Every structure is written in C-alpha cells, then in structure tokens.
Amino acid sequence: MAAALLAVRNLDVRFRVSGGEVHAVNGLDLDVARGETVAIVGESGSGKTQAALAIMGLIAANGYASGSVRFQGEEILGLPARDLNRIRGSRLSMIFQEPMTSLDPLFKVGKQIALPLMQHQGLSRAAARRRAIELLAEVGIERPEARVDAYPHELSGGQRQRVMIAMALANSPELLIADEPTTALDVTVQARILALLADLKQQLGLGMIFITHDLGLVRRFADRAVVMRAGAVVEQGPTRVLFAAPSHAYTRMLIEAEPGGRKPPPEPTAPLVLDARKVSVTFWLRRGLLRSGRPAIHAVDGVDLQVRRGETVGVVGESGSGKSTLGRALLRLVPAAGSISLEDRALMPLDRGALRPLRRHMQLVFQDPYGSLSPRLTAGEIVTEGLLVHERGLSRAERDRRAAAAFEEMQLDPATRHRFPHEFSGGQRQRIAIARAMILQPKLVVLDEPTSALDRSVQKEIVELLARLQAAHGLAYVFISHDLAVVRALADRVMVMRHGRVVETGQTEDIVGRPQHPYTRELILAAFSPVPSGRTEAT
C-alpha cells in the first residue's frame, strides 16, 4: 500500500462526566492512503464520530484524546488551534452529520462557503462568491445563483447537507472526513455526491474517511472498511473480502440487518380503507411589493391513491416531490382539493369538529424520533396522550395499564414507561412514537420516513415490528421514504412522485425490477447500482 496520508495509532478518546469517565474510543489504529476511501461503520455509540472529531481536534471541552495522529508525517494530535487552523478547512476537511447545527444561522450560505476560500486561497470577495456558486452547482443545488443568498433555515435538510459538502470541498482538501454525508439526501442526489467524491478521489488523489451506518454505501464506495463497536475495532479489511467472509459475529449481524424479504400480499377481497382522487395542494407565496399576481407552488397535483386493509403503498421520490405534503393532505392536516374517503366516509366536507372523532382511525408517525416526542412528558404519558381526547372516560390507572400493554406490544420494557424521551435510544423513541399511534387502534397509518434516522440494524427491527403490527391488526399503511431498499421489503405497491405528480405506479417488484419511466429508472439505478464513477474495487 502507498505511504499513509493519515496514520492513527492507539487513539483513545475519553469524556469526563459526573461520576467518572466515558471511554468513547479505545485504541484505534487506522491508515488512509492517498486516493483511498476507508469506511468506518458501526451502530450509534460505537465511537465512529468521536474518533473523527479527535482526528480533527474538535472533541468537546470535557473530552481528551491520547495516542498519535500523523497527517503527512506531521503529528497533529494536541496541536494548538492556531496551528490546526492552517490545516483544517484547506488540506484536511470534514463534512458534519447535522448541517442545521453546523451552519451559522445568521449568515447566508454563500458567505459561509466563501469565507474559507478567502482565508486559505486569498480570493477576493467577488471571486469567492463566483466559486461558491460553482460549488453549489457541482453538489446538485438547483438555481445556485439564487440559493447562494439563502439563509440555512430557507433550505431543505438535503440542501443544507449539500452546502456542507460544498464547504468541505471548497479548497480541494487532501483528506476528507465525511460523517454520514448522505443520510439526509435522496438516492439520486446521493449518487451524484458519491460520484463527485469518487471523481475527486481519482483526479486529485483525495483520501477519505467515510463514516456511515449504511452498509450498501460502504459496499459500493469504500476500498476498505473498519467495523467499530463500543469504541473498539472488531474487524477491518478490504471491503469485498469483509462483505464476502466477515469473521466477527457483530459484522455478520450488521450485514444481515440489511432490509430483506418480501411482504405477503393483502387478501384479494380486502376492503378499501383509503380512497383519494385528484388530490391537490397549492401553497400561495407572498406577492412582492412591485409584482402583480400571486405566485404558487403546486406541491401535490392531481394524485389518486387507494389503499386496502392490510396493504402497504410506498411513496417515493426526491425532496420536494410532494411525498410528505401528500401524506398530510390524506389526513386532512393541510388544506387540499379533491376527494378523500376513509372507508365509506367522505372527509373533505367535514370541518375540524366533525373530523375529530375520526382522527383516531388515521394516524401519522413522524420522521424524527428525537423531535416528535415532548421532552416534558414521560414515555407513558406520550403514548396515552391521544386517549385523553378519544377515550375521556378512562381513569389514570386504566390509561397506565394501556400504556404498559402498548410497550409490551412494541417489545419495550413496560417499566421504562416512566422515563423521559432523552433516556431512550433513537430506535426506542421510534417505537414509542409508533405506540402513540397504535394505542388508538387506527385503520390507516401514514409513516413519514420512519426509519431514515436509524441504524440499519434498528431499521430492520422497526420494519419487522411494522409488518407484525399490520398482520395482527389489518392496518393500511402509506409508507413515505427515499430508502428504496426499505420500501422494497415493506410495500405491496409503489407510487413514484416528481414535482407533485405521480409519474409511475405499480407492484413493488415491477417498479424495482422493470421501471418504465426514465425518472423511476434513475431512482432505481441510484439506489441499487453497484459502483459509482471513479470507484476502485478492493481486492
């Protein structure tokens, strides 16, 4: 192997906490050569991100690192911030996992991209702005000339992540640490970003540490893989070898956690639960001071959707395609046109009061298990909150008994229902969110990206839980996702949306195996293609 661009030896990371220390990284050894991509994989809490932050000299104030980190032969662990800043952002760069907390909310994104260009390359303000626009275009942001003047809150999560990638690539670094860089991105944008990174690797000899929980990306993109658990490396080696013959039980568990299997079809005579016809949602924008007329965004444009008892319809498409807006329109949570019926009850003519008793029959599970649970309520109180509205006659003791039963059905310890959300893992929080919906015994559940924030092993558990609940209760699911591997495992039919319209719909196997529309083919190719451009196969 070529001389190491980065050489990490016996890296330890510890954090001082009340009552002692947390050992986050334990004796990590890692080499990255020029032009090589090394993936670090493992579940949440395995130490992946803390190892990366230690390499960058960015661990939290209550943490400290020991060992050796040599970049191009120079020891950088423990360097003063002034010396590190000569390297960080130019020769050594990082894409952070959560762009909303990494971008400054008070500055336009173009200025945030331009600042390192001015700092490290000495570009003028105008030249740095022009380069920022070019970088935004390279990472797939539409209308970069306009978006360069946007604030972070004016962009979608995927767009913010692309801004972070543009910032990291601005000065053509020699080593890039990418911490879950594509988690918030749709598969087509994800494919473009991976192809861009692979091309840079090939052209510039870019070395890369790629941190992810998505083993599909590792298989397609990395030359070598390092598997971490509880702060320590349990296995590492060339990607092809590691996937073909994993030696450690934990690695085998991660690989087997990839979504798989096929859902049994619903009964042919199953009754119709949801019947939506020509559903449209239009958002009217504010009119400018000197402009006539009111510009409009047609978020959902004439969509038809039917779901039967025990059936799952997957809704896929890029950000901005109208998936989530459609889900909310079906539940009458946003103003919409068209007709929507729940079983034999037309919903569109009903006002808020008439809709209230029907709400228990149509529930929504949100994407974010961290933000969708009130931090002020215990888990049991969260789960039973809907009973206060729909079953007011229940006593506190009866509600608590129902909460305990719901926890058991979600395979959670009922004793934990008295804890608060921050005391649970991400997967446990999502189970609590599902329990909150299921305790009302709904007939229709809209699941909006319910697994995207979770590790693959936890994703598999949630998919299996949803399938079991559906089989037990005959639930109708509308499953919204950009993860086609999960959709393939869970959905009977798939509906593909683009710019608010349905471009293709059909049985899951037909959509995945024989897509007809060019956009659908692009989605499938991006999700399941073996190797992006520029990838060097590991042997």
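Structure: see above.
Residues numbered from 1 in each chain as written. Predicted model: local features only at pLDDT ≥ 70, side-chain atom pairs only at ≥ 80, totals over all residues. Heavy atoms only, no water.

### Structural notes on helix α16 (residues 396–409)
Over its 14 residues, α16 runs 20 Å from end to end, which matches the ideal 20 Å to within 8%, given 1.5 Å per residue. Listing the buried residues of α16 in full gives Arg-399, Arg-402, Ala-403, Ala-404, Ala-406 and Phe-407. Taken together, the buried residues of α16 touch α14 (379–383), α15 (387–390) and α17 (426–438). Of the residues trailing α16, Gln-411 is marked for its positive phi of about 60 degrees. (Helix = DSSP H or I, 4+ residues; strand = E, 2+ residues; numbered from the N terminus. Expected span 1.5 Å × (residues − 1). Buried < 20%, exposed > 50% of the residue type's maximum accessible area, 1.4 Å probe, protein only. Contact = heavy atoms within 4.5 Å.)

### A few points about the pattern of salt bridges
This model, assessed by the stated rule, comprises 25 salt bridges. Here Arg-417 makes a salt bridge to Asp-400, at a shortest N to O gap of 2.8 Å. Remark: Asp-400 occurs in helix α16 and Arg-417 occurs in the loop between α16 and α17; sequence separation between them is 17 residues. Classification of Arg-417 as buried rests on a relative accessible area of 14%. By relative accessible area, which is 29% here, Asp-400 ends up partly exposed. The salt bridge involving Asp-510 is made with Arg-514; its shortest N-O contact spans 2.3 Å. (Salt bridge = Lys/Arg side-chain N within 4 Å of Asp/Glu carboxyl O.)

### Observations concerning the side chain of Thr-378
By secondary structure assignment, the location of Thr-378 is in the loop between β16 (362–365) and α14. Given a relative accessible area of 14%, Thr-378 falls into the buried group. Residues in contact with Thr-378, not counting those within four places in the same chain, are Arg-417, His-418, Arg-419 and Phe-420.

### Some words on the packing of helix α4 (residues 109–121) against helix α5 (residues 125–138)
The packing of two helices is summarised by the inter-axis angle and the distance between the axes. Direction vectors running N to C along α4 and α5 enclose 120 degrees, while the axes themselves pass 8 Å from each other. Taken together, α4 and α5 sit at an angle that is classed as oblique. In this structure, the crossing between α4 and α5 has a hand that is right-handed. Of α5, the residues touching α4 (which contributes Gly-110, Ile-113, Ala-114, Leu-117 and Met-118) are Arg-125, Ala-128, Arg-129, Arg-131, Ala-132, Leu-135 and Leu-136. (Axes fitted to C-alpha atoms, helices over the stretch in contact; angles between N-to-C directions. Parallel < 35°, antiparallel > 145°, perpendicular 65-115°, else oblique. Left-handed = near helix turned anticlockwise from the far one by under 90°.)

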